[in-house]
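Spelled out, the chains give:
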There are 2 protein chains.
Amino acid sequence: MNLNFLKTFVHVVEAGNFSRAAERVHLSQPAVSMQMQALAQDLGVELFRRRGHKLETTEAGAILYAQARRFLQDWQAVLHKLESVRQRLQGRLALGASTTPGDYLLPQLLCQFHSLHPELEVRMEVGSSEEIVSALLDGRLDLAVVGYQPQDDALEAQVVFEDQLVAVFAPDYGLARQNKVGVEDLLAQPLLQRTQGSATRQVLERALAERGYDPDDMKIIMELGSSRALLEAAARGLGVAVVSKAAAADYTDSGRLAWACVEGLELRRNFWLVQSRRLRSAAQQAFVQFLLRSDLRG
Amino acid sequence: MNLNFLKTFVHVVEAGNFSRAAERVHLSQPAVSMQMQALAQDLGVELFRRRGHKLETTEAGAILYAQARRFLQDWQAVLHKLESVRQRLQGRLALGASTTPGDYLLPQLLCQFHSLHPELEVRMEVGSSEEIVSALLDGRLDLAVVGYQPQDDALEAQVVFEDQLVAVFAPDYGLARQNKVGVEDLLAQPLLQRTQGSATRQVLERALAERGYDPDDMKIIMELGSSRALLEAAARGLGVAVVSKAAAADYTDSGRLAWACVEGLELRRNFWLVQSRRLRSAAQQAFVQFLLRSDLRG
DNA sequence: TGATATTATAATATATTTTTATATACCAGT
DNA sequence: ACTGGTATATAAAAATATATTATAATATCA
């Protein structure tokens, strides 16, 4: 029995749909299909029934779902118990990050990581992806999380976060229905943007160009140097900003901002963990393991 | 994460030894070696430490062991919960078995199976392996458990039980030290045997011949037609009998008989689940699944 | 009915797992 | 210290399992 299959199963039940579950667990749809068949065969029961397109769990499926959730949680608990004896590491670890991960994704993780290895001195440098990557090549950093995949042969990269840009605006702005806005609607609004050269801004401009829109059609009423500044301005009703969902979380969760996906634009982007291919310290390996286990990318 | 790895881990801890654990879970020793490495790597901890040849669990290993046992039990419980909704089958199932499985291995399993499918009428015929196999070929039986692998192309076979012959004798007989007796010692004793043609007897005679002993050297003082009769005679101190460990379990567990492995003889034998290759009923498939899940062979 | 959404199947590629064969390390007894 | 026995590790090959892409099948919904 493979715990991954069980995890997939839970996602299928929650998504109510094989295809969507496949996305969430980062598999192809046929892989999910195959896993569910294997699981059902292995357990000797039917797990799903289909009423037209509606996917329903059978009685057995419902039982398994309830059990599987607890079961997976229990396994997490086992892993957690092991954390306590995982060897305490000492020394230093120099991280780099571009702004979105550096400001919004990594801080909380670094806190957790620090509690696991209190003796370990962790330093994080935040800068543009290019700055960070060159520091990595110079050996000034051990590893980094940046917004693109460097093509340098000396570096190795893997996706660790998946981010999405969303439109944000004051809650009384009245723009979105069902957390969605069309591209045309967006372009009709007064926009708040990061200053030229920001990676976030580039993602938006590229996505527009990809769909045949001219980035210059945006009615930019203000250019600001940080996400934080953008969010503050948007919260004050100045206009609409397009920012990382993670960056906006503080504001959207507290209700200071409303958010919406932009329909018809591919505003997803990945953040890559990048390391040099040379020998890696135990601390570095531990941090990588920790990041991957944190499961922010599936 | 693979639950099988966890199961192997538990066996390793309990066996205190990779090689013995490998036997118990029916894997090769390198496979166990590999699994333990993979597990340790996956969890990011050392699981074992080695003081010379003595295998010790590390602190992490001890924690994992405690958790893993519960965890595997919980999984069994999940499977059990699913049993309750597994579709009740109706109809008939005609089983055959040679004497050892028919008398000692299958009865308890049939009781369990019956409680799962109360509507299903199960009939078991007990006879010599040859009789059973020919009934199978005639279609008078659906499936059977016998002591050898038939070579007929119409039949498919797989090992479901592993059995071992052991020497048994009255507890005050004073034959064995540490549950072991040498071949020479055995041959020096007055022996109780099954009548000519018994499969059990054949295993013993073949094992003797294999090692260069003449089966006629056995000092057979009585030949009896059933294991039960043999055990009763041995319990009364008449002599030593060589019988299936499973058959002797009643007597050895209650202390009415002592038992010992015969050193230097290969007295292990398999029992095979045999089925015709033609279409199988749902009941038949369910029973096979049940048998395999019962895990009497690993 | 045709367009769309969803799942299954087939062919294929990749990764994982197992086995066999062989090498290495430790221990015990001489 | 040598030697035979025992216990693990490693390497290469074979067998399985799992994944992906492309395509077909099936059911809904407009």
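This section reports on the structure supplied with the text.

## Notes on the protein's contact with DNA strand C
DNA strand C sits among 18 residues. The nearest are Q29 and S33 of chain A together with S28, Q35 and G52 of chain B. Backbone sugar and phosphate groups make up 65% of those atoms of DNA strand C lying within 4 Å of the protein. Between DNA strand C and the protein, one listed contact pairs a base nitrogen with a side-chain N or O atom of Q29 of chain A at 3.0 Å. Residues that form the surface near DNA strand C fall into these classes: seven nonpolar, ten polar and one charged.

## Looking at the interface of chain A and chain B
Much of the literature gives interface size as the accessible area that the parts lose upon coming together. Opposite the 25 residues of chain A that make contact, chain B presents 25 residues. Roughly 2,400 Å² of surface becomes buried between chain A and chain B when both sides are summed, with 70% attributable to carbon and sulfur atoms. Contact with chain B buries area across many residues of chain A, yet M1, F71 and W75 of chain A alone supply 26% of it, more than any other trio. If you look at where chain A meets chain B, you find zero salt bridges. Across the contact surface, chain A and chain B share two residue pairs in polar contact (both at pLDDT 80 or more).

## So, the environment of S294 of chain A
Structurally, S294 of chain A is set in helix α11 (residues 282–294). Residues S294 of chain A and V160 of chain A, spaced 134 residues apart in sequence, show a C-alpha to C-alpha distance of 9.3 Å.

## Description of the packing of helix α1 (residues 3–15) of chain B against helix α3 (residues 29–43) of chain B
Residues and elements named next belong to chain B. Where α1 contacts α3, the axes come no closer than 10 Å and their chain directions differ by 110°. Considered as vectors, α1 and α3 are oriented roughly perpendicular to each other. Across from N4, F5, L6, T8, F9 and V12 in α1, the residues of α3 making contact are V32, Q35, M36, A38 and L39.

## Looking at the pairing of strand β2 (residues 54–57) of chain B
Along a regular strand, successive side chains alternate from one face of the sheet to the other. Inspection of the sheet shows strand β1 (residues 48–51) of chain B paired to β2 of chain B by four bridges, in the antiparallel sense. Each residue of the ladder has a partner; that of F48 of chain B, found in β2 of chain B, is T57 of chain B.

## With respect to the nonpolar core
In this structure, L6 and L39 of chain A together with L6 and L39 of chain B are the most contacted members of the largest nonpolar core, which totals 61 residues. If sequence neighbours within four positions are ignored, L39 of chain B has contacts with M1, F5, L6, F9, L47 and L64 of chain B. Of all hydrophobic cores here, the second largest spans 23 residues; its members include L106, F161, A286 and V288 of chain A.

## A few points about the pattern of salt bridges
Residue and element names in this part refer to chain B. Summed over the entire model, instances satisfying the criterion amount to 21 salt bridges over all chains. Taking the shortest distance from any N to any O, the salt bridge between E14 and R69 comes out at 2.5 Å. Of this pair, E14 sits in helix α1 while R69 sits in helix α4 (residues 59–83), and the two are 55 residues apart along the sequence. Of the charged contacts, one joins R228 and E232 as a salt bridge, the two residues approaching to 2.9 Å between their closest N and O atoms. Here R228 pairs with E232, and both are found in helix α9 (residues 227–235), just four residues apart, close to one helical turn.

## Focus on the packing of aromatic side chains
Tallied over the full model, the rule gives 15 aromatic pairs over all chains. Where F18 of chain A meets F48 of chain A, the ring centres are 5.6 Å apart and the plane angle is 65°; that geometry is what we call edge-to-face. Residue F18 of chain A is located in helix α2 (residues 18–24), and its partner F48 of chain A is located in strand β1 (residues 48–51); the two are separated by 30 residues in the primary sequence. The exposure class assigned to F18 of chain A is buried, which follows from its relative accessible area of 15%. An angle of 45° between the planes, with centres 5.6 Å apart, marks the rings of F9 of chain B and F48 of chain B as tilted. Of the two residues, F9 of chain B is situated in helix α1 and F48 of chain B in strand β1; the sequence distance between them amounts to 39 residues. By relative accessible area, F48 of chain B is classed as buried at 16%. Lying across the ring of Y251 of chain B, R256 of chain B places its NZ or CZ 4.1 Å from the centre.

Calculation rules
- Residues numbered from 1 in each chain as written.
- Chains lettered and ligands numbered in written order.
- Predicted model: local features only at pLDDT ≥ 70, side-chain atom pairs only at ≥ 80, totals over all residues.
- Heavy atoms only, no water.
- Near = heavy atom within 4 Å.
- Polar contact = N/O pair within 3.5 Å; in protein donor to acceptor, adjacent residues only side chain to side chain.
- Nonpolar A, V, L, I, M, F, W, Y, C, P; charged D, E, K, R; others polar.
- Contact = heavy atoms within 4.5 Å.
- Buried area = accessible area lost by both parts, 1.4 Å probe.
- Salt bridge = Lys/Arg side-chain N within 4 Å of Asp/Glu carboxyl O.
- Helix = DSSP H or I, 4+ residues; strand = E, 2+ residues; numbered from the N terminus.
- Axes fitted to C-alpha atoms, helices over the stretch in contact; angles between N-to-C directions.
- Parallel < 35°, antiparallel > 145°, perpendicular 65-115°, else oblique.
- Pairing = 2+ DSSP bridges.
- Core = buried A, V, L, I, M, F, W, Y, C linked by side-chain atoms within 4.5 Å.
- Buried < 20%, exposed > 50% of the residue type's maximum accessible area, 1.4 Å probe, protein only.
- Phe/Tyr/Trp six-rings, centres within 6.5 Å; stacked < 30°, edge-to-face > 60°.
- Lys NZ or Arg CZ within 6 Å of the ring centre and 35° of its normal.

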